[in-house]
Amino acid sequence: MSGAVATIATMRIATLTSGGDCPGLNAVIRAVVRTAAQHGSTVVGYEDGWQGLLEDRRVQLYDDAFIDRILRQGGTILGTGRLHPDAFKAGIDRVKANLADAQIDALIAIGGEGTLKGAKWLHDNGVPVVGVPKTIDNDVDGTDYTFGFDTAVAVATEAIDRLHTTAESHNRVMIVEVMGRHVGWIALHAGMAGGAHEILIPEAPFDIDDVCKRMARRFQLGEKYGIIVVAEGALPKKGTLDVGEREVDQFGHEKFQDISGMIAKELENRLDTDVRTTVLGHTQRGGTPTAFDRVLATRFGVNAAQACLNGDFGKVVALQASHIDLISFDDAVGELKRVPPKFYETAQALFG
């Protein structure tokens, strides 16, 4: 690194986006660049996340018309990717050398839980880092919301709204599978907003018998259709539905199987009714960010840049109530932020 914390007038900040893409990433980048420029500082972007930092693939970012207009764009102009933690840690000397060669005084790492854990590890090893939490799953602890979540919920809610009409027209049960590996925030918010008749989330293992009974009761009472929203990581209670063993990928992440398809098969067999599934997948992560996500991402970017300029490293920007605060990496990545039981119980009151 380039030594002690530089003065505001001469600071050189680096930034990167890592992990899955997410609506609002470009808004963060724009805010970092424009905030730094106001203080006579410059920003370098590393391409494709940690891999680009290891390979020293950097671009100079200017406070110009191009940066100003990326606010509305989805994805990330810097590209993103994932790097195995072992390869990342083995490259610490190369990371430090590349940052020193570029005369970088501070690094802003934009990403989810895995990225923030990597950023914490860099900070613990002497690299001045500020973290910006990003994930459509909304599972980073210590912040009320992460940008990208509102957009994902809006996409899922629109899909549910559309499926209501086709489900009712054909007297079907429609199952909508949304993202949510370990938490059910998207499923819960979109399901409630879209008037779903059942919402299944990882935090509350379900009994397939109960799901079938509630759907059967709807039809017995004269209803013509049903809408079920299920998070990809939802699991049945032990012994109620055989979903097999989950494999893991090279990063140690579980590979989620077709939970919506398994539920659909059980419903068809037990209720003798037509059941269809819709898996929204990556449509939830792409496209233009909502106004809420643009504003939140911008506030995160401004405050992350200001934290660097103030030499306040080892922190993560977070939304708490209506304020943007700085929290420790430990508070951000200590555990996943899961749906509270009381919140889910509110939704359950409307099931069936």
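What you are looking at is a predicted structure, and each value in this text was computed from that prediction instead of being measured. By convention here, each chain's residues receive numbers from 1 onward along its written sequence. Selection of residues for local features in this predicted model requires a pLDDT of at least 70, selection of side-chain atom pairs for listing and counting requires 80 or more, and totals for whole chains, interfaces and linings are taken over all residues. Side-chain measures were taken over the full set of non-hydrogen atoms in the model, leaving aside hydrogen atoms and water.

## Side note on the sheet that holds strand β4 (residues 106-111)
Note: two strands are recorded as paired if DSSP finds a minimum of 2 bridges between them. Helix and strand definitions here come from DSSP, where helices need a minimum of 4 consecutive H or I residues and strands a minimum of 2 consecutive E residues; each element is numbered from the N-terminal end. Taken together, 7 strands build an open sheet; the order of strands is β3-β2-β1-β4-β5-β10-β11 and the sheet is mixed. With partners counted over all chains shown, the strands left at the sheet margins are β3 (58-61) and β11 (323-328), one partner each. The average undirected angle you get between the axes of adjacent strands in this sheet is 30°. Sheet topology places strand β1 (residues 12-17) next to β4; 5 bridges connect them, and they run parallel. Its bridge partner lying in β4, Ala14 is registered against Leu107. Note on contacts: a residue pair qualifies if any of its non-hydrogen atoms lie within 4.5 Å across the two residues. Think of each axis as a best-fit line through the C-alpha atoms, taken over the contacting stretch in the case of a helix, with angles from 0 to 180 degrees between the N-to-C directions. Seen against the sheet, helix α11 (residues 291-309) touches β1, β4, β5 (129-133), β10 (315-320) and β11 and runs at an angle of roughly 140° to β10.

## Section: the pairing of β10
Consecutive side chains of a regular strand alternate in pointing toward one face of the sheet and then the other. Note: β5 against β10, 2 bridges, orientation parallel. Residue pairing for β10: Gly131 is matched across the bridge by Val316. Note: β10 against β11, 6 bridges, orientation antiparallel. Across the sheet, Leu319 pairs through a bridge with Ile324, a residue of β11. Adjacent in sequence and paired antiparallel, β10 and β11 are bridged by 2 residues, among which Ala321 carries a positive phi angle near 60°.

## Observations concerning the domain arrangement of the chain
Start and end points for every domain follow an automatic or database-based domain assignment. Domain annotation for the chain reports domain 1 (12-147 + 289-334) and domain 2 (149-286). Distance between the C-alpha centres of domain 1 and domain 2: 33 Å. Taken residue by residue, the interface counts 20 residues in domain 1 and 17 residues in domain 2. In this description, buried area is defined as the sum, over both parts, of the accessible area (probe of 1.4 Å) that is lost when the two are combined. Of the roughly 1,500 Å² buried between domain 1 and domain 2, counting both surfaces, carbon and sulfur atoms make up 59%. Of all residues in domain 1, Asp21, Ile136 and Asp137 bury the most surface against domain 2, accounting for 37% of the area lost on that side. Between Lys or Arg on one side and Asp or Glu on the other, a salt bridge is scored when a side-chain nitrogen of the former is within 4 Å of a carboxyl oxygen of the latter. Viewed at the interface, domain 2 and domain 1 are joined by 1 salt bridge. Asp21 is the salt-bridge partner of Arg285, the closest N and O atoms lying 3.1 Å from each other. Pairing of N or O atoms within 3.5 Å defines a polar contact, subject to two protein rules: one partner must be a possible hydrogen donor and the other a possible acceptor, and residues neighboring in sequence count only if both atoms are side-chain atoms. Seen at the junction of domain 1 and domain 2, the total is 6 residue pairs in polar contact (both at pLDDT 80 or more).

## Focus: the side chain of Ser260
By secondary structure assignment, the location of Ser260 is in helix α10 (residues 259-271). Using a relative accessible area of 0% as the deciding quantity, one classes Ser260 as buried. Excluding anything up to four places from it in sequence, Ser260 contacts Ile175, Glu177, Val230, Thr277 and Val279. Burial classes: relative accessible area under 20% of the type maximum marks a residue as buried, over 50% as exposed, and values in between as partly exposed (1.4 Å probe, protein chains only).

## Details of the packing of helix α7 (residues 149-170) against helix α8 (residues 185-193)
Remark: α7 packs on α8, axes separated minimally by 8 Å, with the N-to-C direction vectors making an angle of 45°. Taken together, the axis directions place α7 and α8 in an arrangement best described as oblique. Here α7 and α8 pass one another in a crossing that is right-handed. The segment α7 lies against α8, with Phe149, Ala152, Val153, Ala156, Thr157 and Ile160 engaging Trp185, Ile186, His189, Ala190, Gly191 and Ala193. Counted by class, the contact of α7 with α8 contains 9 nonpolar, 3 polar and no charged residues. Orientation categories follow fixed angle ranges, with anything under 35 degrees roughly parallel, anything over 145 roughly antiparallel, 65 to 115 roughly perpendicular, and all other angles oblique. Working rule for handedness: look at the near helix, and if it is turned counterclockwise from the far one by less than a right angle, call the crossing left-handed; if clockwise, right-handed. Under the scheme applied, nonpolar residues are Ala, Val, Leu, Ile, Met, Phe, Trp, Tyr, Cys and Pro; charged residues are Asp, Glu, Lys and Arg; polar residues are all the others, including Gly.

## Here we look at the environment of Ile228
You can see Ile228 is positioned in strand β8 (residues 226-231). Spatially, the C-alpha atoms of Ile228 and Val176 are 6.1 Å apart, while their sequence positions differ by 52 residues. In contact with Ile228, other than residues within four places in its own chain, are Val173, Met174, Ile175, Val176, Glu198, Leu200, Val211, Met215 and Leu267.

## As for the sheet that holds strand β6 (residues 173-178)
With respect to topology, 4 strands assemble into an open sheet ordered β7-β8-β6-β9, the strand pairing being parallel. Since the sheet does not close on itself, it has two edges, and those belong to β7 (198-200) and β9 (275-279), each with one partner. Taken pair by pair, the neighbouring strands of this sheet meet at an average axis angle of 20°, ignoring direction. The sheet contacts of α7 involve β6, β8 and β9, and relative to β6 the element is tilted by about 165°.

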